[in-house]
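The primary structure of each chain is shown beneath.
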Amino acid sequence: MKAVITVTGKDSVGIIAKVSAECAKYDVYPETPFYLPEGYKLNLMTNHDDEFSSGAKFVFRKGRKSIAMDFTRYWDYIPKIGIPSDEYNITETTVNGHTAIISKEDNQFTLLYQIDKTVIMIFTQDVEYAECDKIVASMR
């Protein structure tokens, strides 16, 4: 039986600790959000470990809404990573001193930034942009 973890606000059930512990298994130590909107359940957790990179991905769902987090550490070089955009609604910001790119369009939100050779990406579908901004503000 699959364990269900429900997010009830500011990491009150230790979901971020679980994300961090899973990432550490693959030698990835990312910044993570310490806030997720209430009611999201961990729906998918996958990982990879190969000669190019290691990482973990987590998807939280609440009905049709989803929040995906992807943390990848590259061993040698980091390939070009892009954000698809029809409307070019892309902005540059800073997250904990690191340059980050944010895209907001079509009820989708993408945050992408890099710390050394670790790439952090958060992608949401149908999550209010104000909630996405709170997720970004909670990164540490």
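In the block above lies the structure referred to throughout.
Figured I'd write up the structure that's included with this text. (Residues numbered from 1 in each chain as written. Predicted model: local features only at pLDDT ≥ 70, side-chain atom pairs only at ≥ 80, totals over all residues. Heavy atoms only, no water.)

1. Quick look at the side chain of E22
Here's step 1: Tracing the backbone shows E22 in helix α1 (residues 15-24).
Here's step 2: There is a polar contact of 3.0 Å between the side chain of E22 and the side chain of K25.
Here's step 3: If we skip the residues at most four places from it in the chain, E22 touches M45, N47, A56 and F58. (Helix = DSSP H or I, 4+ residues; strand = E, 2+ residues; numbered from the N terminus. Polar contact = N/O pair within 3.5 Å; in protein donor to acceptor, adjacent residues only side chain to side chain. Contact = heavy atoms within 4.5 Å.)

2. Some details on the pairing of strand β2 (residues 53-62)
Here's step 1: The buried fraction of β2 amounts to seven of the ten residues, a majority that puts the element mostly inside the structure.
Here's step 2: Hairpin connection from strand β1 (residues 41-49) to β2: three residues lie between these consecutive antiparallel strands.
Here's step 3: The pairing of β2 with strand β3 (residues 65-74) spans ten bridges and is antiparallel. Across the sheet, F60 pairs through a bridge with I67, a residue of β3.
Here's step 4: The loop that links β2 with its antiparallel partner β3 comprises two residues; one of these, G63, has a positive phi angle of about 65°. (Buried < 20%, exposed > 50% of the residue type's maximum accessible area, 1.4 Å probe, protein only. Pairing = 2+ DSSP bridges.)

3. Here's the deal with the packing of aromatic side chains
Here's step 1: A complete count under the given rule lists one aromatic pair for this structure.
Here's step 2: A cation over a ring is seen here: R140 above F34, with NZ or CZ 4.1 Å from the ring centre. (Phe/Tyr/Trp six-rings, centres within 6.5 Å; stacked < 30°, edge-to-face > 60°. Lys NZ or Arg CZ within 6 Å of the ring centre and 35° of its normal.)

4. Notes on the side chain of E31
Here's step 1: As for its placement among the helices and strands, E31 is situated in the loop between α1 and β1.
Here's step 2: Salt bridges are absent for the buried E31, whose nearest opposite-charge side chain, R140, sits at 9.7 Å.
Here's step 3: A distance of 3.0 Å separates a polar atom in the side chain of E31 from a polar atom in the side chain of N96.
Here's step 4: Setting aside chain neighbours within four positions, we find E31 in contact with F71, V95, N96, H98, Y113, I115, I120, M139 and R140. (Lys, Arg positive; Asp, Glu negative; His and termini not counted. Salt bridge = Lys/Arg side-chain N within 4 Å of Asp/Glu carboxyl O.)

5. Some words on the pairing of β3
Here's step 1: For β3, the tally of buried residues reaches seven of ten residues, placing the bulk of the element in the interior.
Here's step 2: As paired elements, β3 and strand β7 (residues 118-125) share eight bridges and run antiparallel to each other. By the bridge assignment for β7, S66 is matched with Q125.

6. A short note on the environment of I16
Here's step 1: Its place among the elements puts I16 in helix α1.
Here's step 2: When its relative accessible area of 2% is taken as the criterion, I16 is described as buried.
Here's step 3: Each C-alpha atom of the pair I16 and E31 lies 9.9 Å from the other, and the pair is 15 residues apart in sequence.

7. Some details on the environment of R64
Here's step 1: Position of R64 relative to the elements: it lies in the loop between β2 and β3.
Here's step 2: It is 9.3 Å that separates the C-alpha atoms of R64 and V127, two residues lying 63 residues apart in sequence.
Here's step 3: With residues up to four places along the chain from it excluded, the contact list for R64 reads Q125 and D126.

8. Quick look at the nonpolar core
Here's step 1: Core analysis: the biggest nonpolar cluster contains 27 residues, and F58, F60, I67, F71 and L111 have the highest contact counts within it.
Here's step 2: When residues of this core are traced back to their parent elements, those giving at least two are α1, β2, β3, β5 (98-105), β6 (108-115), β7 and α2 (129-137). (Core = buried A, V, L, I, M, F, W, Y, C linked by side-chain atoms within 4.5 Å.)

9. Side note on the pattern of salt bridges
Here's step 1: A complete count under the given rule lists four salt bridges for this structure.
Here's step 2: One salt bridge connects E22 with K25, and the closest N-O pair in it is separated by 3.0 Å.
Here's step 3: Taking relative accessible area as the criterion, K25 reaches 59% and is therefore assigned exposed.
Here's step 4: Here K65 makes a salt bridge to E128, at a shortest N to O gap of 2.8 Å. Placement of the pair is K65 in strand β3 and E128 in the loop between β7 and α2, with a sequence separation of 63 residues.
Here's step 5: Looking at K65, the relative accessible area reads 24%, which means it is partly exposed.
Here's step 6: Looking at E128, the relative accessible area reads 41%, which means it is partly exposed.

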